Amino acid sequence: MITHDTILGISTILYLALFFLYVLYFAAGKKAILTIAWYCLLLTFALQTAGIGLRWVESYRLGMGHAPLSNYYESLIFFSWSISVLVMVMRKRLFPVITFAAATASLALMAYASLSPGVERGIQPLIPALQSNWLHVHVITCFLAYAAFVVSFTCGGLYFFESRGIVPPGRTLEDINYRSIIIGFSMLTSGILTGAVWAHYAWGSYWSWDPKETWSLITWIVYALILHLRFTGGWRGRKTAFLSIIGFASVVITYFGVNFFLAGLHSYAT
Amino acid sequence: MTATKNNREKEGAPASRPTSLLRHLASVRLGIVSLSLIGATSILGTVIKQGGTEEEYLSLYSERAYHFIKLFGFDDTYHSPWFYFLLILFTVNLIACTVRRIRTLTAEKGRTARTPADVKGLVAAGSGFTAKAGSLGEVSRRLGASSYRKKELSETTALYEKGSLARYGVVVIHASILAVLLGGLVGILGGDRGFIVLRVGETTQAAVKRERGRPPVPLGFTVRCKDFTISLYPGGQPKEYASDIEILDMAGKVVKTGRIKVNEPLSYNGVRLYQSSYGTSNSYTFRVNGKEVVLAEQEVAKAGRTPFMVVRYAAQVHDFGPGVMVAYMDGEEPKTLWFLRDVERMRTRVIQGSRISLEGITGGYYTGLEVSRDPGVPVVLAGFALMLVGLYINFFTFHRRIYVVSDGAAIHVGGVASRNREGFLEELHKLSKDLA
Ligand code: HEM
């Protein structure tokens, strides 16, 4: 009987294959490799989706059925999955080097999830506070936002490299960066709002300044600042590239930092 | 677009004092500064411990640092005066900025209607095309089919417009933030929170405040816990817990009953009750001189003349099973004695001449309910909905204008889009191909 572990394991290996396909493309420059890489990504994503689905089914068999969005391990896998969703949504605009960076991020998350000794991989029962349909909307919107910010961060980082060979021109990076910030900002807003509505039902208060909440607000403010500085201050180029790196640092603190360093209501991850 | 905006701000006669102040209040720069400060100071509250006791702070920080924290209210950052000041500054700025934005929008509207764009210039810039004169009707039909609205600007010029709502997206977003802030304010001024703990069968008419030394909040009705149930996962973790609650009015009549679960609060008269926690509180059955007495923890009973009570419960006393520590008064002097339920020799003891035996220990649950009254919630929720709508129309719809000029021999079609230029050019290109 195939379990979700096996399927997720295979998809991790496929992400690794994808990584090497892109490396090969950058070395050889053959267009055909890109086509293969694209189908490889589709296959990887399909398997990953199946793995997540199977874990869902298995949780029912264990008598604690719930969507696999509830502990740290599951969130890492879902983060990786969301990045691939975003790459597929934005495929028309992306460049090989950005898809490569995104696939590498997916690979890193999958590898960390399945190899780190600090990550509890078993299916765990869902505590009553998490038993809500808001969990699904909240987690999905937040992770799509994080995924969009991964793309934005990639563009911001690449901006500081000379536009040569595999690095797209600055204006293009700027444009993709802006588009991903729009998606990320809208999704993060939805994520924070659904989280607040959920908190209202679960804890009786839509906002409690818990560290994770606060950091998500800080992240939201950073991206709002980027939008304003861009739109009304006319900031472009290095400045916005730098700001999108700051924004992503805030995302990393919101997602990883808070779990490890700051206690709070959201510390489901430890 | 940015350039024109900046120019517009700088244009005009030197502003008089009050309008200049207003201008500063409405400036995006102030918005950026206040928002940055709110963000930066929010970080402090996540790294400095919030709402701790003096001892907790002194065990974490030096005495000097503690005084500093106290002085600036960093122990309750998000409710400190200066944080409120930043929020107010931000709110005022956002109001001013929104008012100004609405003004420019209405002014702009008049202007675009009056002055048609330089269509030939647009065509030359690649944002348009020229077609046969005969295709005028076809253009009209095509654009109408993709829900453009038509407006005749002159005999020879027509304007087709779509997504003009997109221009109001920003206003909607900003207004929604104001709504959320307003809802928060209503909650602070008109709301109240508290906590109640009930054992099965118990009632209460007030909620306890979490802050030390505050009087309890009267509910205006009576809450009775009829039952508390809990189900566990095979591994022993709680799966679901729920309280069956009865609400009685002041005359003692039951006005509402319901079951409160985590994520499923019960609301009555604007007050919401949330399942928040639970615990066990035992009751102990003693036989005192042949008479049965049931005691809760800390409850006092008499053995002859001597008062005694259970002060501590232990599920395992060494290897001897459950036991309780009983305190009693020996004259003026308090004394304690352990009773073990499962050890014959330790089950029955004599206190001041009275024979007391521990007959049984039964577990009873208590339920912990969070109580909140927050009249601001509907406003906040409306703000949330508005914000999502605003984001959608601002980012995912865009304002397009297509001017069609016919000069007898040919028609010139030129378009402008507020964003997503590439997508718009594709649309124009398709239109020109269909007309060719
Ligand atoms: C948390 C607070 C805020 C949020 C979430 C927010 C959100 C937004 C968004 C999403 C846009 C559209 C940007 C784009 O289309 O690229 C925008 C534009 C703008 N915002 Fe804000 N905003 C906030 C606070 C402020 C404040 C305090 C001001 C005050 C001066 C302000 C002034 C503006 C202006 C002038 C624009 C450009 C509008 C235009 O001309 O089209 N915003 N804002």
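Residues numbered from 1 in each chain as written. Chains lettered and ligands numbered in written order. Predicted model: local features only at pLDDT ≥ 70, side-chain atom pairs only at ≥ 80, totals over all residues. Heavy atoms only, no water.

(A) Quick peek at the overall build of chain B. Helices and strands together make up the secondary structure of chain B, namely twelve helices and 19 strands. Taking 436 residues into account, the globule formula puts the C-alpha radius of gyration at 22 Å, and chain B, at 36 Å, lies well above it. Looking at chain B as a whole, 39% of its 436 residues qualify as buried. Long-range contacts, defined here as pairs at least 24 residues apart, represent 53% of the contacts in chain B between residues at least 6 apart. Across chain B, the centroid of the 56 positively charged side chains sits 8 Å from that of the 40 negatively charged ones. (Helix = DSSP H or I, 4+ residues; strand = E, 2+ residues; numbered from the N terminus. Rg over C-alpha atoms; globule rule 2.2 N^0.38 Å. Buried < 20%, exposed > 50% of the residue type's maximum accessible area, 1.4 Å probe, protein only. Contact = heavy atoms within 4.5 Å. Lys, Arg positive; Asp, Glu negative; His and termini not counted. Charge placed at Lys NZ, Arg CZ, Asp CG, Glu CD.)

(B) Representation of a negative patch on the surface in the model. Residue and element names in this part refer to chain B. A contiguous patch of negative charge, built from Glu54, Glu55, Glu56 and Glu63, is present on the exposed surface. If one sorts the elements of the negative patch by residue count, helix H4 (residues 54-60) sits on top with three residues. Mapped onto the fold, glutamate 55 is located in helix H4. (Patch = residues over 30% accessible without salt bridge, like charges linked within 9 Å, V, L, I, M, F, W, Y side chains within 5 Å. Areas by Shrake-Rupley, 256 points an atom, 1.4 Å probe, with all protein chains shown as cover. Salt bridge = Lys/Arg side-chain N within 4 Å of Asp/Glu carboxyl O.)

(C) Examining the site of the ligand more closely. Taken together, 24 residues are adjacent to the ligand, and A:Tyr178, A:His228, B:Arg101, B:His174 and B:Arg419 come closest. The ligand is flanked by residues contributed from chains A and B. In the model, a nitrogen atom of the ligand is placed 2.6 Å from a nitrogen or oxygen of the A:His228 side chain. Of all the secondary-structure elements, those providing two or more residues to the shell around the ligand are helix H6 (170-202) and helix H7 (211-231) of chain A together with helix H3 (28-47), helix H6 (81-114), helix H9 (169-190) and helix H11 (377-396) of chain B. No other element matches the five residues that H6(B) contributes to the shell around the ligand. Classifying every residue of the shell around the ligand gives 14 nonpolar, seven polar and three charged. (Near = heavy atom within 4 Å. Polar contact = N/O pair within 3.5 Å; in protein donor to acceptor, adjacent residues only side chain to side chain. Nonpolar A, V, L, I, M, F, W, Y, C, P; charged D, E, K, R; others polar.)

(D) Structural detail: unusual backbone geometry. The backbone phi angle of A:Trp209 is positive, close to 55°, even though this residue is not glycine. Residue class for A:Trp209 comes out partly exposed when judged on its relative accessible area of 22%. Phi angles above zero are rare outside glycine, and B:Asn263 is one such case at about 75°. According to the relative accessible area criterion, B:Asn263 is buried, its value standing at 11%.

(E) A look at the coordination of the iron atom of the ligand. Taken together, A:His228 (NE2) and B:His174 (NE2) make up the full set of protein donors to the iron atom of the ligand, lying 1.8 to 2.0 Å away. Considering all six donor atoms around the iron atom of the ligand, the spread of angles at the metal, 83 to 178°, places the coordination shape in the octahedral class. On the criterion of chain membership, the pair formed by A:His228 in helix H7 and B:His174 in helix H9 is interchain, its members lying in two chains. Overall, the relative accessible area of 27% leaves A:His228 in the partly exposed class. (Donors = N, O, S within 2.8 Å, 3.2 Å for Na, K, Ca; no water. Tetrahedral: all angles 85-135°; square planar, octahedral: opposite > 155°, others 65-115°.)

(F) The arrangement of the pattern of salt bridges in detail. Residues and elements named next belong to chain B. Inspection of the entire model under this criterion finds 23 salt bridges over all chains. Of the charged contacts in the structure, one is a salt bridge between arginine 142 and aspartate 434, with a shortest N-O distance of 2.2 Å. Taken as a pair, arginine 142 in helix H8 (residues 136-145) and aspartate 434 in helix H12 (residues 421-435) lie far apart in primary sequence, 292 residues in all. On the basis of relative accessibility, which here comes to 21%, the residue arginine 142 falls in the partly exposed class. What makes aspartate 434 partly exposed here is its relative accessible area of 44%.

(G) Representation of the packing of H9(B) against H11(B). Residues and elements named next belong to chain B. Two elements in contact, H9 and H11, have axes separated by 8 Å at closest approach and are oriented at 165°. Classified by the interaxial angle, the pair formed by H9 and H11 is roughly antiparallel. Viewed along their axes, H9 and H11 form a crossing whose handedness is left-handed. Contact residues: H9 offers Gly169, Val170, Val172, Ile173, Ser176, Ile177, Ala179, Val180, Leu182, Gly183 and Gly184, while H11 offers Val379, Val380, Gly383, Phe384, Leu386, Met387, Gly390, Leu391, Ile393 and Asn394. Considering only residue class, the contact of H9 with H11 consists of 14 nonpolar, seven polar and no charged. (Axes fitted to C-alpha atoms, helices over the stretch in contact; angles between N-to-C directions. Parallel < 35°, antiparallel > 145°, perpendicular 65-115°, else oblique. Left-handed = near helix turned anticlockwise from the far one by under 90°.)

(H) Just H6(A), in detail. Helix length check: H6(A) (33 residues) gives 46 Å between terminal C-alpha atoms against 48 Å at 1.5 Å per residue, within 8%. Of all 33 residues making up H6(A), 26 are buried, and the element is well covered by its neighbours. (Expected span 1.5 Å × (residues − 1).)

(I) Region of interest: the domain arrangement of chain A. All names here are of chain A. Per the domain assignment, the segments of chain A are domain 1 (1-126) and domain 2 (129-270). Between the C-alpha centres of domain 1 and domain 2 there is a distance of 20 Å. With 25 residues of domain 1 at the interface, the matching set in domain 2 holds 30 residues. When the two sides are added together, the surface that domain 1 and domain 2 hide from each other amounts to roughly 2500 Å², 83% of it contributed by carbon and sulfur. Summed over the shared surface of domain 1 and domain 2, the result is zero salt bridges. Put simply, domain 1 and domain 2 have three residue pairs in polar contact (both at pLDDT 80 or more) between them. (Domains from an automatic or database assignment. Buried area = accessible area lost by both parts, 1.4 Å probe.)

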